[in-house]
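# Observations on the three-dimensional arrangement
Single-letter residue listing:
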Amino acid sequence: MSTRTETDYLGSLQIPADALYGIHSVRAKDNFPDTTQFHVEWYQAMGLVKQACYLTYAEMVKALQEENLFRDSKGFIPPNVVNALIAVAGEVHEGKYFDSFIVPAIQGGAGTSINMNVNEIIANATLIRLGHNPGNYTVIDPIEQANVYQSTNDTVPTALRVAVVRLLTLLEELINNTRQAVETIEKSHRNSLRIGYTQLQAAVPSSYGQLFSTYSEALSRDWWRVSKCFERIKVVNLGGGAIGTAVGTPRYFVMEVVKHLQQLTGFPFTRSENLNDATANLDSFVEVHAILKAHAVNIEKMASDIRLLASDIAGNAINIPKRQVGSSIMPGKVNPVIPEFVVSIAHRVYTNDMLISNLAGQGALDLNAYLPTIGHAMIDSIKLLIAANQALAGHLLNGIEIDSEKSAQLLMFNPSITTALLPIIGFNRAAMLAQEMRLKKIDIFSANQNLKLIPEEKLVELVKPNNLLKLGFSFREVID
């Protein structure tokens with residue numbers, strides 16, 4: 001295999017001659033022997049951020065020329081090279097050349113390896129576009145040209161925010177889809193009676209509509225909270241340079257680059273009013289991930305409830321879709337794999353939340369060196385929650401079947417139904433009725449016939465869904 005020699009101030013390395021990556025990427029790959037794949041969404045967002053930078057550079061040079069301040073082209077990137085850089089950055093945004101991104105997700109160095117791998121890809125792909133061999137950095141250099149007026153510390157976190165905003169947009173939509181699927185069940189089974197439980201013990205009469213309304217309300221809150229995340233994520237430090245002071249960066253570039261990012265993304269990204277703060281502090285990611293964690297809690301609760309209600313132990317008044325064979329040894333067994341998938345995802349999100357919080361607190365002075373791991377965990381959580389919502393709506397909720405008649409029958413045989421009679425016969429006599437049901441394993445009607453505690457026609461009326469599910473009682477009803 002033919003190679004080329006690349007040199008940095010640490011020495012020289014042999015690089016495959018046709019490789020789009022370079023010495024900085026190879027050093028990182030060797031230094032960080034991890035196989036965790038970098039998220040392609042972050043890679044694509046890096047291309048978009050680079051494109052915004054090159055467009056700003058081209059606009060700046062044009063403005064200098066129009067004001068007769070561009071007296072000498074020496075030191076400026078030729079227009080044909082800038083245009084090629086813009087085009088190649090667009091290709092990176094499309095996901096092209098991702099196989100040349102060899103830096104692992106977990107790394108040291110605050111993201112320098114991410115930035116340099118992208119810079120090397122852009123520089124070498126641009127060289128090829130202009131008819132040169134990869135590695136001919138006298139023509140296009142990964143730092144001098146591909147990284148012009150940029151820093152790892154403003155481009156990489158900005159790209160992370162772009163990736164997060166895009167994924168949050170999809171998550172927001174999918175949460176709403178899940179909510180709509182839940183709401184359909186809620187409306188269809190508003191009067192489908194069931195036993196309400198506290199501490200896994202039968203407690204009071206309820207309905208599937210009321211139970212699923214709790215999930216619908218929780219998902220509504222999740223949807224609202226996720227929609228508010230954009231306000232935190234849209235503030236970027238692009239143009240701020242290494243620590244937000246913009247040392248070595250033209251003021252024109254600082255003031256205009258975010259405008260191009262807005263145009264390219266279609267999202268209202270804004271430059272932070274305090275670029276030092278936006279560079280040093282990552283608490284906005286902690287805040288946003290806490291909202292993701294809250295959503296994970298809600299879908300875990302719902303998935304766990306559905307798994308329990310659909311279990312053989314619970315009597316199978318609710319059936320969930322059969323998605324796959326459940327055992328290699330037990331014939332006919334089908335497991336609740338979708339609820340288990342969702343619960344597993346939720347706990348992965350909880351782990352990521354602790355990781356993000358802990359590493360955000362490890363920021364030191366003007367920068368947080370752990371941005372790559374924080375960003376990886378953030379994107380990981382969003383993608384997992386996207387998958388969870390897709391599975392919930394597509395593979396679980398839309399196929400749930402509830403046997404309303406069987407569920408109502410189970411309620412009539414359960415002593416918890418006597419709670420509905422407290423305003424009429426009081427606690428002690430209701431307890432006698434419950435005891436009769438429990439000892440003789442009979443329904444409430446048979447128990448009442450034995451004890452004659454309430455007129456039969458009155459009992460029939462009281463245990464109808466419209467009476468059991470109304471909010472409280474009026475004293476007029478008790479008198480009547």
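Residues numbered from 1 in each chain as written. Predicted model: local features only at pLDDT ≥ 70, side-chain atom pairs only at ≥ 80, totals over all residues. Heavy atoms only, no water.

## Comments concerning helix H6 (residues 208-233)
Here H6 contains 26 residues, and its C-alpha end-to-end distance of 38 Å stays within 8% of the 38 Å for a straight helix at 1.5 Å per residue. For H6, the N-terminal capping position is held by Ser 207, with its side-chain oxygen 3.3 Å away from the main-chain nitrogen of Gly 209. (Helix = DSSP H or I, 4+ residues; strand = E, 2+ residues; numbered from the N terminus. Expected span 1.5 Å × (residues − 1). Polar contact = N/O pair within 3.5 Å; in protein donor to acceptor, adjacent residues only side chain to side chain.)

## Quick look at the nonpolar core
Ranked by size, the top nonpolar core spans 108 residues in total, and within it Leu 168, Phe 212 and Leu 397 carry the most contacts. Considering each element in turn, this core owes the most residues, 15 residues, to helix H5 (residues 152-188). Beyond its immediate sequence surroundings of up to four residues, Leu 168 is in contact with Val 226, Cys 229, Phe 230, Ile 233, Val 288, Leu 292 and Ile 382. Formed by 20 residues, the second largest nonpolar core is a distinct cluster that contains Ile 195, Ile 425, Ala 430 and Ile 454. (Core = buried A, V, L, I, M, F, W, Y, C linked by side-chain atoms within 4.5 Å. Buried < 20%, exposed > 50% of the residue type's maximum accessible area, 1.4 Å probe, protein only. Contact = heavy atoms within 4.5 Å.)

## As for the environment of Asn 147
On the secondary structure map, Asn 147 appears in the loop between helix H4 (112-129) and H5. The sequence separation of Asn 147 and Ser 12 amounts to 135 residues, and the corresponding C-alpha distance is 21 Å. Setting aside residues up to four positions removed in sequence, Asn 147 forms contacts with Lys 50, Asn 115, Asn 119 and Pro 142.

## Some thoughts on the pairing of strand E2 (residues 11-16)
In terms of strand pairing, strand E1 (residues 3-8) meets E2 through six bridges, oriented antiparallel. Pairing of Thr 7 across the sheet is with Ser 12, part of E2. What sits between the antiparallel neighbours E1 and E2 is a turn of two residues. (Pairing = 2+ DSSP bridges.)

## What to know about the packing of aromatic side chains
The final tally for this structure, using the stated rule, is nine aromatic pairs. Aromatic pair Phe 98 and Phe 101: ring centres 6.3 Å apart, planes at 15°, arrangement stacked. Neither residue differs from the other here; Phe 98 and Phe 101 are each classed as buried. Judged by centre distance (6.3 Å) and plane angle (75°), the rings of Phe 267 and Phe 269 are edge-to-face. Look at Phe 269 and you get buried, because its relative accessible area is 1%. Among the aromatic residues, ring-to-ring pairing joins Phe 38, Trp 42, Tyr 43, Phe 98 and Phe 101 into one connected group. The ring of Tyr 208 has Arg 194 lying over it, and the distance from NZ or CZ to the ring centre is 5.7 Å. (Phe/Tyr/Trp six-rings, centres within 6.5 Å; stacked < 30°, edge-to-face > 60°. Lys NZ or Arg CZ within 6 Å of the ring centre and 35° of its normal.)

## Some thoughts on the packing of H5 against helix H9 (residues 283-309)
At a minimum axis distance of 13 Å, the contact between H5 and H9 shows a crossing angle of 25°. The orientation of H5 with respect to H9, classified from their angle, is roughly parallel. Judged by the sense of rotation from one axis to the other, the crossing of H5 with H9 is left-handed. Contact residues: Leu 160, Arg 161, Leu 168, Leu 171, Ile 175, Thr 178 and Val 182 in H5; Ser 284, Phe 285, Val 288, Leu 292, His 295 and Met 302 in H9. Taken together, the residues of the contact of H5 with H9 break down into nine nonpolar, three polar and one charged. (Axes fitted to C-alpha atoms, helices over the stretch in contact; angles between N-to-C directions. Parallel < 35°, antiparallel > 145°, perpendicular 65-115°, else oblique. Left-handed = near helix turned anticlockwise from the far one by under 90°. Nonpolar A, V, L, I, M, F, W, Y, C, P; charged D, E, K, R; others polar.)

## Examining the packing of H5 against H6
Contact geometry for H5 and H6: axes closest at 9 Å, N-to-C directions at 165°. With respect to H6, the axis of H5 lies roughly antiparallel. The interaxial crossing formed by H5 with H6 has left-handed handedness. Tallied by class, residues from the contact of H5 with H6 come to 14 nonpolar, eight polar and seven charged.

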